[in-house]
Amino acid sequence: MINKKVENVVEALQGVQSKMTFMLGGFGLCGIPENAIAELVNLNVREVTCISNNAGVDDFGLGLLLQNKQIKKMISSYVGENDEFERQMLSGELEVELTPQGTLAEKCRAAQAGFPAFYTPAGYGTEVAEGKETREFNGKMYVLEPAFKADFAFVKAWKGDTAGNLIFKGTARNFNPNMCGAATITVAEVEELVPAGTLDPNQIHVPGIFVQRIFQGKNYEKRIEQRTVTSKA
Amino acid sequence: MALSKQQIAQRIAKELQDKWYVNLGIGIPTLVANYIPEGIEVEFQSENGLLGMGPFPLEGTEDADLINAGKQTVTVLDGGSIFDSATSFAMIRGQHVQLTVLGAMEVAQNGDIANWKIPGKMVKGMGGAMDLVASAENIIVAMMHTNNAGESKILKQCSLPLTGVGCVTKVVTNLAVLEVKNNAFHLLERAPGVSIEEIKNATEGTLIVDGEVNEMKF
């Protein structure tokens, strides 16, 4: 068994530098790599490009890197939860590439799966398709979208083993599996790291081949953005 | 009387059909889940990766790892499933979801929709809306007929950046149910007590009124 385990987040992020492109899993604040983000703030890498569906909130998630002005460019589908993001974007400090959510996911998956590009109907006839090749298939128009290229993918799983196999919980899965193996180095942080052989191979969501480094995360906050409940009758 | 947001949702719920998978957008569309007609089975898809979405959890049982596309804590019903984002949009792009309900800032008579950006002012992003409207066969828009200034949002042509082209099939507003076809809005139903004249005045796009137009029934 190839051992992917590293001791901590510092070791896991070795080689991270300014001006790199990172993928970060998560939807809203659900399933974000909290430990990796904290370490990116700590390393104070500058002018980075982040591929992430959302940009966190003002004081958590990728919002922490935004506050610190570490991000040069964001590639996201929805950024409505972050005032600082909107301010930096409207003032021109921050470069932003808004991408339809399904296209964002597929650009990750294409990178993972070795496809250079793919056609999608999403965004045809809108400003998202401007300057891109379009083509008709069976009477419908499609836009050619290239796969992403990234230096590091930071993902967060519920459980993982030392071989890098991952299992996710609930909708914290989201973009995380699609980003594994989609960058040069994939770093997985997990709530529970177990020895290889502990997890049932039938239940693995992401095979370890897509993960280069795995570590036991700590101090997860797992913030809830919109706490909606039904009152007890 | 113009419809409340709840009533718009209630009216849209009557469009649901047995065995349909349905994606509900944020806002009024989310409320549609409260009015599923009796005797039919539908499953709600949330594009962050959940099929068989249930109601909000009982207080004290909410889970940060179980949210919907509006980032609200939810539950998963028996028979539900959870999957990654690429799989979620395979369901949408592959037309395995029968109905999409979403909100809009503007709709045009050719079926164009704008709901993601006001240049220089508001940029929140399109989320999954562009994928949804480019792929779904049935797209119902839930919206107010006019904006706060009283200007029509039911237009000849959208003025805001588009989310999708020629895709909207039906619009349910606080005043009317409109079908979008042949480059016009066709008035199908009126809100109770709302006259055809009122709807005409609130509609900038071409409005076709064909014979008697019934009031909505609840």
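Residues numbered from 1 in each chain as written. Chains lettered and ligands numbered in written order. Predicted model: local features only at pLDDT ≥ 70, side-chain atom pairs only at ≥ 80, totals over all residues. Heavy atoms only, no water.

(A) Structural view of the pattern of salt bridges. Evaluated as defined, the whole model comprises 25 salt bridges over all chains. A salt bridge links E15 of chain B to R11 of chain B; the shortest N-O distance between them is 3.0 Å. What makes R11 of chain B buried here is its relative accessible area of 6%. Across the salt bridge formed by E179 of chain B and K181 of chain B, the nearest N and O atoms sit 4.0 Å from each other. If you follow the salt bridges from partner to partner, you end up with K156, K169, E191 and K222 of chain A together with D63 and D65 of chain B in one network. (Salt bridge = Lys/Arg side-chain N within 4 Å of Asp/Glu carboxyl O. Buried < 20%, exposed > 50% of the residue type's maximum accessible area, 1.4 Å probe, protein only.)

(B) Examining the sheet that holds strand β11 (residues 154–155) of chain B more closely. All names here are of chain B. Read across the open sheet, the three strands follow the order β7-β6-β11; overall the sheet is mixed. Pairing within the sheet leaves two strands with one partner each, and these edge strands are β7 (113–114) and β11. For strand β6 (residues 106–108) and β11, the ladder comprises two bridges, and the chain directions are parallel. Residue A108 lies in a different strand from β11, and its bridge partner there is L155. (Pairing = 2+ DSSP bridges. Helix = DSSP H or I, 4+ residues; strand = E, 2+ residues; numbered from the N terminus.)

(C) How the structure looks around the side chain of Q70 of chain A. Residues and elements named next belong to chain A. Locating Q70 in the fold gives a position in the loop between α3 (63–67) and β3 (71–76). Owing to a relative accessible area of 0%, Q70 belongs among the buried residues under this scheme. Here the side chain of Q70 touches L40 through a polar contact of 2.9 Å, landing on its backbone oxygen. (Polar contact = N/O pair within 3.5 Å; in protein donor to acceptor, adjacent residues only side chain to side chain.)

(D) View of the interface of chain A and chain B. With 51 residues of chain A at the interface, the matching set in chain B holds 48 residues. Here chain A and chain B share an interface that buries about 4,100 Å² over both sides, 58% of which is from carbon and sulfur atoms. The largest contributions to the chain A side of the interface with chain B come from F27, T171 and T228 of chain A, which together make up 15% of the buried area. A salt bridge links R227 of chain A to E62 of chain B; its shortest N-O distance comes to 2.8 Å. Counting every contact that joins chain A to chain B gives 30 residue pairs in polar contact (both at pLDDT 80 or more). Contributions of two or more residues to the side of chain A that touches chain B are made by α4 (83–90), α5 (101–113) and α6 (176–179) of chain A. It is α5 of chain A that contributes the most residues to the side of chain A that touches chain B, six residues altogether. Partitioning the side of chain A that touches chain B into residue classes produces 18 nonpolar, 20 polar and 13 charged. (Contact = heavy atoms within 4.5 Å. Buried area = accessible area lost by both parts, 1.4 Å probe. Nonpolar A, V, L, I, M, F, W, Y, C, P; charged D, E, K, R; others polar.)

(E) Examining helix α3 (residues 85–93) of chain B more closely. Listed as buried for α3 of chain B are S85, A86, S88, F89, M91 and I92 of chain B. Looking at the buried residues of α3 of chain B, the elements they touch are α5 and α6 of chain A together with β1 (20–24), β2 (42–46) and α4 (129–135) of chain B. Looking at where α3 of chain B begins, the residue whose side-chain oxygen comes 2.9 Å from the main-chain nitrogen of A86 of chain B is D84 of chain B.

(F) Spotlight on unusual backbone geometry. Not every positive phi belongs to a glycine, and N219 of chain A is a case in point at roughly 55 degrees. Within the element layout of this structure, N219 of chain A appears in the segment after β11 (213–216). Positioned with a positive phi, Q95 of chain B is a non-glycine residue whose angle comes to about 60 degrees. Relative to the helices and strands, Q95 of chain B is located in the loop between α3 and β5 (99–102). Residue Q95 of chain B is classed as partly exposed on the basis of its relative accessible area, which comes to 37%.

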